Amino acid sequence: MKHESVSKAEAKQKTIAILTSGGDAPGMNGAIRAVTRAGINAGYNILGVRRGFHGLWRGDIINLDSRSVSDILHRGGTFLMTARSETFKTEEGLGKAVDITEIFNIDVLVAIGGDGTARGAKALAEAGVPVIVIPATIDNDIGATEYALGFDTALNTAVQAIDKLRDTASSHERCSVVEVMGRHSGYIALGVGVASGAEVILVPEREFDFDDDIVLTLIKDRNAGKRHYIVVMAEGVGLGSDMAQLIEKRTGIETRSTQLGYLQRGGAPSFRDRWISSLMGVKAVRAISEGRLNRMIVHKEGDCKDIDLDEALATEKRILDDTINMADTITI
Ligand code: F6P
């Protein structure tokens, strides 16, 4: 039941609520900032939901004004915090979340996150709560968009780490197996592998033969005079520590593994994540003010636009074999 006591002026003012959900990603703060400031500029009241969908059904909600989002554009993580919520996935949890949107007079919810966040937003839309999704996950595995916030910063973090690993691998004439994030996808591994000049790149999207694609490659490299070897491995392929043991056992090359883990999720957002998060936030408010709801903001051919959420969720993408083959031609 909506409050009837609001003043006429308040009744006319629409409210946008913002939440971040799933794994955090550099650029989330930029998106929160842009939605808040563009929303205020467009005459909306802005609320921040803390701790993602878990906070939504609990009513963990704060007012946001222009000053609330000062000094966050350059910070990693999400100042609204995030949390994974099993409760929200239940009918009861969803129902509580819908009730909260009515109690707080929320007209549109902007959900910033990855695939799980988009599906949670879809559930709210089906329950009658208008939503806009902004894609944010370092995995960059959301089919409808060429870019998800956080990907560029994560790539830069990993490349800088591998440059450091290359120094010590070279000093000790070692092979360094670097396990990177990406959940079930290989976008991080492929990007980082090519950008760091890795000898071997392993992604879930392509089968490999241990002897032909790894052992033979490293032995040929050693015979060609290489003094160090970098193997970039997506976590969806397996554990880097297991791979390191196998490589050392089969090749005799001293091998060490490094799991970059959560380092890839933090750090100051790159220019690209600050730029695209700002664009996506503005485009989200523009879609709302122009009456287009239940949309995802996607990055396509250098620009951001809103598309139907159902269409977005039905869109899949996969690393092209040709892209992987291209990488093969230069990772020798
Ligand atoms: O989805 C982003 C991501 O960092 C994945 O690459 C990784 O597998 C997962 O989150 C880790 O999830 P959590 O933060 O819940 O451990």
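Definitions and limits used
- Residues numbered from 1 in each chain as written.
- Predicted model: local features only at pLDDT ≥ 70, side-chain atom pairs only at ≥ 80, totals over all residues.
- Heavy atoms only, no water.
- Near = heavy atom within 4 Å.
- Polar contact = N/O pair within 3.5 Å; in protein donor to acceptor, adjacent residues only side chain to side chain.
- Areas by Shrake-Rupley, 256 points an atom, 1.4 Å probe, with all protein chains shown as cover.
- Nonpolar A, V, L, I, M, F, W, Y, C, P; charged D, E, K, R; others polar.
- Domains from an automatic or database assignment.
- Helix = DSSP H or I, 4+ residues; strand = E, 2+ residues; numbered from the N terminus.
- Buried < 20%, exposed > 50% of the residue type's maximum accessible area, 1.4 Å probe, protein only.
- Lys, Arg positive; Asp, Glu negative; His and termini not counted.
- Salt bridge = Lys/Arg side-chain N within 4 Å of Asp/Glu carboxyl O.
- Contact = heavy atoms within 4.5 Å.

Engineer: Tell me about the site of the ligand, and please be specific about residues and values.
Structural biologist: Residues in close proximity to the ligand include Arg 84, Thr 137, Ile 138, Asp 139, Met 181, Gly 182, Arg 183, Glu 235, Tyr 262 and Arg 265, which together make up its full environment. Contact distances for the ligand include 2.7 Å between an oxygen atom and a side-chain N or O atom of Arg 84. Here Glu 235 contributes a side-chain N or O atom positioned 2.6 Å from an oxygen atom of the ligand. When isolated, the ligand has an accessible area of 400 Å², and the protein chains bury 76% of it. Looking at the shell around the ligand, its residues break down into three nonpolar, two polar and five charged. Residues from two domains meet in the shell around the ligand; each of domain 1 (8–150 + 269–313) and domain 2 (152–265) gives at least three.

Engineer: Now, about the side chain of Asp 152: what can you tell me, with residues and values included?
Structural biologist: Its location among the elements puts Asp 152 in helix H6 (residues 151–172). Although Asp 152 is buried, it makes no salt bridge; Arg 272 carries the closest opposite charge, 5.2 Å away. Contact partners of Asp 152, with chain neighbours within four places excluded, come to Tyr 147, Ser 270, Arg 272 and Asp 273.

Engineer: Give me the side chain of Asp 273: which residues, what numbers.
Structural biologist: Structurally, the position occupied by Asp 273 is in helix H10 (residues 271–289). Buried within the structure, Asp 273 lacks any salt-bridge partner; its nearest side chain of opposite charge belongs to Arg 272, at an N-O separation of 7.0 Å. Separated by 2.8 Å, the side chain of Asp 273 and the backbone nitrogen of Gly 150 make a polar contact. Once residues within four sequence positions are removed from consideration, Asp 273 is found in contact with Pro 26, Gly 27, Tyr 147, Ala 148, Leu 149, Gly 150, Phe 151, Asp 152 and Thr 153.

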